[in-house]
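Examining the three-dimensional arrangement
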Amino acid sequence: MGDGAAVDGLIQLHDLRKSYGRGEKAVQALDGLSLSVPAGSLYGLLGPNGSGKTTSLRILCTLLAPDAGSVRVAGLDALAQPRAVRRLLGYVAQEVAIDKILTGRELLRLQGDLHHLEGGVRNRRIAELVELLGMGEWIDRRCGGYSGGMRRRLDLASALLHRPRVLVLDEPTVGLDIESRAAIWTVLRQLRDGGTTVLLSSHYLEEVDALADRLAIIERGRVIAEGVPADLKQALGGDRVTLRVREFSDAEEAARVQRLVQGCAGVRQVVVNQSQGYSLNLVVEHEGVVEQLRRQLAEAQLPVFALAQSRPSLDDVYLQATGRTLMDAELAVAGLRDPKEERKQSMR
Amino acid sequence: MTSANPSLQALPAEPPALAEISQETLALTRRLFVQLQRRPSTLVAGVLQPLIWLVLFGALFAKAPEGLLPEGMSYGRFLGAGVIVFTAFSGALNAGLPVMFDREFGFLNRLLVAPLRSRSSIVLASVLYITVMSLVQSLAIMATAALLGYGWPGGGGLLLVLVTLLLLVFAVTALSLGLAFALPGHIELIAVIFVANLPLLFASTALAPISFMPAWLGWLAAINPLTFAIEPIRAAYAGQLSLTAVVLEAPYGELSAAACLGVLAALAVGLFLLIRPLLDRKLS
């Protein structure tokens, strides 16, 4: 795990490094990130906010130059031949800028002209995408009045106008209603089935789990795990058990139960989850261990409020790779984000 | 055929550059005009403001002392050339604002991920738009001035007026676009525009001739680009159409209309050369 740079990927990011700012305020956004995305796959980039997802995608889409490293798309060097690479890519950015005063159709026409589509081809393609993404009702209204979901669909359409070989999406469903999200998922699957390579970043585990053929987990500007979701889960081995002796326990009781449970044969990695009412997360080697566990708890006269067992999830893969859950990682950086600084980074 | 470099093989043949550049420039310019059509307040304000100058200032100095102006010219007629130039100047000074907003809101990034044949198209579209808009505003002021009885330049004179305005608009647009990429945000850009606008008007020959000014202000006016645009236009309004006739008596010497235009052209070229590295860096 860790080294994602297989040689045959359609997209190959190799040893990317990038820092923002200078001196003491410098932030290392990418620290030797390598990634290889196979042609025709739907590839997920999973990581908490601030882990370097957006920076990698911006570098891939030629919006940002890395301090070091290389970017290849379909054999083309993106740093040396950015325009050739731009023709192959469609990019849906996270913070989407639209011209509020134009209608959706006018914006798509502009985009089509920037891709040098011939007028008739352009208009037919726009009609196709309006149909595909269900935009017919509002495409001739001004963008200023669009909801988040409408904007995102318009953006997806504008990234698809020139039939790119590679579609890159930065957190495409953040803040969307369930319906828009489902619509976007469907389109992404259709595109993949039609041969388009789709690379999306997300900090939603379930999104990557539901969509991606392959995924990379990014943490502090590096890839720390990479592979097929099912394989990654299977590689962890064992089942996950969440144990609560009471709905809300306390630290002292949790520690006592932890000691008891650790003594059971076939139990590994007992962790106290403070953020969930001092529940215990543990890994059991096989079915029978759970029965043994129940007996021991009963002997110790401990109640059982809940005892849930599941196969390893992507969250467990994340936990295993990073030592913390994705939610904790999100919480850790939640207060550290500086929107002003982020805007500056994206501004030319 | 064999090739050592596989990535070169993957590149499709490029269509003609001119066709692609005009397609993208046209599309970007069209966007600016659609914006203008749906939000015409900029255009209207750009005509109203100089109009108010013309009417109020013209009235304020209608009784200007004899001998202040050359050859018994009325003040309104004198002021006309100044206000026409000021209109074109303020319009062009605002050229950077839409670009700055595109930078701030990230619309520029949307343009930059597209495979533009030349990123100069973005700048070119702004120049086209501002040029047309400034000229329309100036022509509106010229028409109003004519209705107020301040005259109208004859055929050749009109051509001289338009060429002069074009050169000034190019120069100021370059400056404003440069600022739009150099400054951190629209607040700063608006501040610079605000600070530059009126002092440049007062320190020019728009409102009074150099002979009326104290020596130091006369010097300032004589090196102010606005003056180099105002004087040829004033001469055209006076019906004097020789390019070689003296139109500006500066403290450092006498300048013909051709010399004034030369200064403006040099300024426009110089400013474009000056901001080019900046644009290349920001757009690459």
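Bear in mind the structure is a predicted one, so any value in this text is a computation, not a measurement.

**So, a nonpolar patch on the surface**
A cluster of nonpolar side chains, Val44, Leu48, Ile52, Val55, Leu56 and Leu148 of chain B, forms an exposed patch at the surface whose accessible area comes to about 530 Å². Structurally, Leu148 of chain B is set in the loop between α7 (120-147) and α8 (155-182).

**A closer look at the pairing of strand β7 (residues 166-170) of chain A**
Residue and element names in this part refer to chain A. In terms of residue burial, β7 counts as a mostly covered element, since 5 of its 5 residues are buried. Going residue by residue along β7, you find Val166, Val168 and Asp170 tucked away on one face and Leu167 and Leu169 tucked away on the opposite face as well. As paired strands, strand β6 (residues 89-92) and β7 are joined by 4 bridges and run parallel to one another. Across the sheet, the residue bridging to Val92 is Leu169, located in β7. Two elements, β7 and strand β8 (residues 197-202), share 5 bridges in a ladder whose sense is parallel. Across the sheet, residue Asp170 finds its bridge partner in β8, namely Ser201.

**A closer look at the interface of chain A and chain B**
Where interface size is given, it is often the accessible area lost as the parts come together that is meant. At the interface, 34 residues of chain A touch 38 residues of chain B. Interface of chain A and chain B: buried area, both sides summed, is about 3,300 Å²; carbon and sulfur atoms make up 54% of it. Three residues, Leu114, His116 and Arg348 of chain A, lead the burial of chain A against chain B; their summed loss comes to 23% of the area buried on that side. The tally of links from chain A across to chain B stands at 4 salt bridges. A salt bridge links Asp155 of chain A to Arg110 of chain B; the shortest N-O distance between them is 2.6 Å. Where chain A packs against chain B, one counts 11 residue pairs in polar contact (both at pLDDT 80 or more). Elements with a contribution of two residues or more to the side of chain A that touches chain B: α2 (82-88), α3 (104-114), α5 (148-160) and α13 (339-346) of chain A. For the side of chain A that touches chain B, the leading source of residues is α3 of chain A, giving 6 residues. The class makeup of the residues in the side of chain A that touches chain B is 14 nonpolar, 8 polar and 12 charged.

**Remarks on the domain arrangement of chain A**
Residue and element names in this part refer to chain A. The domains assigned to chain A are domain 1 (11-227) and domain 2 (233-347). Here the C-alpha centre of domain 2 lies 34 Å away from the C-alpha centre of domain 1. Taken together, the contact between domain 1 and domain 2 spans 16 residues of the former and 15 residues of the latter. Between domain 1 and domain 2 we count 1 salt bridge in total. With a closest N to O distance of 3.1 Å, Lys233 and Asp209 form a salt bridge. For the pair domain 1 and domain 2, the interface holds 2 residue pairs in polar contact (both at pLDDT 80 or more). Elements supplying a minimum of two residues to the side of domain 1 that touches domain 2: α7 (205-211), β9 (214-219) and β10 (222-227). Its residues assigned to classes, the side of domain 1 that touches domain 2 comprises 9 nonpolar, 3 polar and 4 charged.

**As for the pairing of strand β2 (residues 27-37) of chain A**
All names here are of chain A. Burial analysis of β2 places 8 of its 11 residues in the buried class, the great majority of the element. Sheet topology places strand β1 (residues 11-20) next to β2; 8 bridges connect them, and they run antiparallel. What sits directly across from Gln12, in β2, is Ser36. Between β1 and the antiparallel strand that follows it, β2, lie 6 residues; Gly21 among them carries a positive phi value of about 75 degrees.

**Quick notes on the sheet that holds strand β3 (residues 42-46) of chain A**
Residue and element names in this part refer to chain A. In spatial order, the strands read β6-β7-β8-β3-β9-β10; together these 6 strands make up an open sheet with mixed pairing. Bordering the open sheet on either side are β6 and β10, each of which pairs with just one other strand. The mean inter-strand angle of the sheet, taken between neighbouring strand axes irrespective of direction, is 15 degrees. Packed onto the sheet, helix α11 (residues 314-322) meets β9 and β10 and runs at close to 40 degrees relative to β9.

**As for the packing of aromatic side chains**
A full pass over the atoms with the stated rule returns 10 aromatic pairs over all chains. Aromatic pair Trp53 of chain B and Phe57 of chain B: ring centres 5.2 Å apart, planes at 45 degrees, arrangement tilted. A residue pair is termed a helical-turn pair when its members lie 3 or 4 positions apart in one helix, as Trp53 of chain B and Phe57 of chain B do in helix α3 (residues 41-60) at 4 residues. Its relative accessible area of 15% is what places Trp53 of chain B among the buried residues. Ring centres 6.4 Å apart and planes at 70 degrees place the aromatic pair Trp53 of chain B and Phe202 of chain B in the edge-to-face group. Taken together, the residues Trp53 of chain B in helix α3 and Phe202 of chain B in helix α9 (residues 186-202) connect sequence positions 149 residues apart. Chaining the aromatic ring pairs together yields one cluster made of Trp53, Phe57, Phe61, Tyr75, Phe78, Phe86 and Phe202 of chain B. The side chain of Arg181 of chain A reaches across the aromatic face of Tyr204 of chain A, ending 5.3 Å from its centre. The ring of Phe78 of chain B is capped by Arg234 of chain B, whose NZ or CZ atom sits 3.4 Å from the centre of that ring.

Analysis parameters
- Residues numbered from 1 in each chain as written.
- Chains lettered and ligands numbered in written order.
- Predicted model: local features only at pLDDT ≥ 70, side-chain atom pairs only at ≥ 80, totals over all residues.
- Heavy atoms only, no water.
- Patch = residues over 30% accessible without salt bridge, like charges linked within 9 Å, V, L, I, M, F, W, Y side chains within 5 Å.
- Areas by Shrake-Rupley, 256 points an atom, 1.4 Å probe, with all protein chains shown as cover.
- Salt bridge = Lys/Arg side-chain N within 4 Å of Asp/Glu carboxyl O.
- Helix = DSSP H or I, 4+ residues; strand = E, 2+ residues; numbered from the N terminus.
- Buried < 20%, exposed > 50% of the residue type's maximum accessible area, 1.4 Å probe, protein only.
- Pairing = 2+ DSSP bridges.
- Contact = heavy atoms within 4.5 Å.
- Buried area = accessible area lost by both parts, 1.4 Å probe.
- Polar contact = N/O pair within 3.5 Å; in protein donor to acceptor, adjacent residues only side chain to side chain.
- Nonpolar A, V, L, I, M, F, W, Y, C, P; charged D, E, K, R; others polar.
- Domains from an automatic or database assignment.
- Axes fitted to C-alpha atoms, helices over the stretch in contact; angles between N-to-C directions.
- Phe/Tyr/Trp six-rings, centres within 6.5 Å; stacked < 30°, edge-to-face > 60°.
- Lys NZ or Arg CZ within 6 Å of the ring centre and 35° of its normal.

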